Amino acid sequence: MSKITDRNLVVGLDIGTSKISVAVGEITPDNQLSIVGVGNQPARGMDKGGVNDLNLVIQSIQRAINEAELMADCHITSVYLGISGKHISCQNENGMVPINDKEVMQDDVDNVIHTARSVPISAERRMLHVLPQEYSIDCQDGIKSPIGMSGVRMEAKVHIVTCANDMAKNIVKCVERCDLKADQLIFSALASSYAILTDDEKELGICIVDMGAGTMDIAVFTGGALRHTAVIPVAGNQVTSDIAKIFRTPLSHAEDIKVQYACALRQMVSMEENIEVPSVGGRPARSMSRHTLAEVVEPRYQELFELIQEELRECGLEDQIAAGYVLTGGTAKMEGVVEFAEEVFQMPARIAQPFDVCGLKEYVSDPTYSTVVGLLHYGMQAHQQQNKEQKKSESVSSIGSKILAWFKGEF
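Residues numbered from 1 in each chain as written. Predicted model: local features only at pLDDT ≥ 70, side-chain atom pairs only at ≥ 80, totals over all residues. Heavy atoms only, no water.

K.L.:
So what exactly am I meant to see when it comes to the side chain of S21 here?
P.N.:
Residue position: S21 is located in strand β3 (residues 19-27). S21 gets classed as buried once you look at its relative accessible area, which sits at 0%. Of note is the side chain of S21, whose polar atom sits 2.4 Å from the side chain of K19. (Helix = DSSP H or I, 4+ residues; strand = E, 2+ residues; numbered from the N terminus. Buried < 20%, exposed > 50% of the residue type's maximum accessible area, 1.4 Å probe, protein only. Polar contact = N/O pair within 3.5 Å; in protein donor to acceptor, adjacent residues only side chain to side chain.)

Next comes the structure, spelled out in structure tokens:
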């Protein structure tokens, strides 16, 4: 069994409320991402992105990791880890620095981002991401890549995503107890964007909604940059709970009914179609109309979509998302969701699944794998960045050793 470092592999781990997914991707020589292993287990001990029972979460992670290791024939030592929960928050900040050599160098870019991120945040919070939106040099705004440009002073706008330190520590602790290292924590909706959005959509303005079991993760892109992130702690489990209470059926059966028969839009279901509903306490199963089920599900989906709309109104970005909405995650898979979303938002909507992967891609061609495949894309970019920096430092050290050898030869 080979180690992940030997084969240029990256591993993503998505710990959701209802399931834990692991994906192993191999970076091919032509910089493609090839899926070589997948592990999938029901999540136990998680609620709305937070850890409820440490031991149950550790067991679930270990099972999913073992499954992925067996399939990929490798030993996993480190993962890129997705994080969600209502504790996630964001802010947009500015930073400004003078340009040293009349021309912008990489050091100036690093300095201006460092200045922008130097905002005081409370001790119980940690920074997850500092993402540049755009730069301005003197009086020229909207610069995407400032290196090599001339000017006197440079300003940067950045998007900062923070999370609660304790929540992050708990989820990292679960991973470490499985003898794994968390390379980096990545906000789930940001990770999903790497797997399901096109550059055109990000430029035009798009809202990605990752509809899970416990939370809905939102990320809004306009002008090619991330502008807003949020987590709404209401999602698919609410729909299951409604079905269980109204049809008086156990939660596990309510989940099965939701997955197999539910529709988000009642007018798409015929009145004649009936379904079997198991009862509680050993009572006989009953026959119910599928239209009645849709009547229960539709108001809850309306509420979910209205919460998303409200979030966008509050951040003032509702009018800027010309490309509409991209829905992903397990709760978005229900029949009628796209039609209903378009009706509520009055905007185009689509259900997204991961693209831009090769290898065993049929194992991950489902909206529930968007986050974990996005984590692989994120990890691949991080690997490429590390390799560039490594080559740069190697070339600097080789120049240094040549100069040293020349001096030794001269004197």
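K.L.:
Help me out: how do you make sense of the side chain of E298 in this one?
P.N.:
You can see E298 is positioned in helix α8 (residues 290-314). Residue E298 is classed as buried on the basis of its relative accessible area, which comes to 10%. When neighbours within four sequence positions are excluded, E298 is seen to be in contact with A264, L265, R266 and F340. (Contact = heavy atoms within 4.5 Å.)

K.L.:
Is there a simple way to think about the sheet that holds strand β11 (residues 140-143) in this case?
P.N.:
Hydrogen bonds between backbone atoms are what pair the strands of a sheet, whose relative direction is either parallel or antiparallel. The four strands are arranged β9-β12-β10-β11 in an open sheet whose pairing can be described as antiparallel. Both edges of this open sheet fall to β9 (89-98) and β11, since each of them pairs with a single strand only. On average, adjacent strands in this sheet sit at an angle of 35 degrees to one another, irrespective of strand direction. Of the pairings in the sheet, the one linking β9 to strand β12 (residues 153-164) comprises ten bridges and is antiparallel in character. Among the inter-strand pairings, G95 is bridged to a residue of β12, identified as A156. Docked against the sheet, helix α2 (residues 106-117) engages β9, β10 (125-137) and β12, running at close to 130 degrees with respect to β9. Taken strand by strand, helix α3 (residues 165-176) contacts β10 and β12, and its axis lies near 65 degrees from that of β12. (Pairing = 2+ DSSP bridges. Axes fitted to C-alpha atoms, helices over the stretch in contact; angles between N-to-C directions.)

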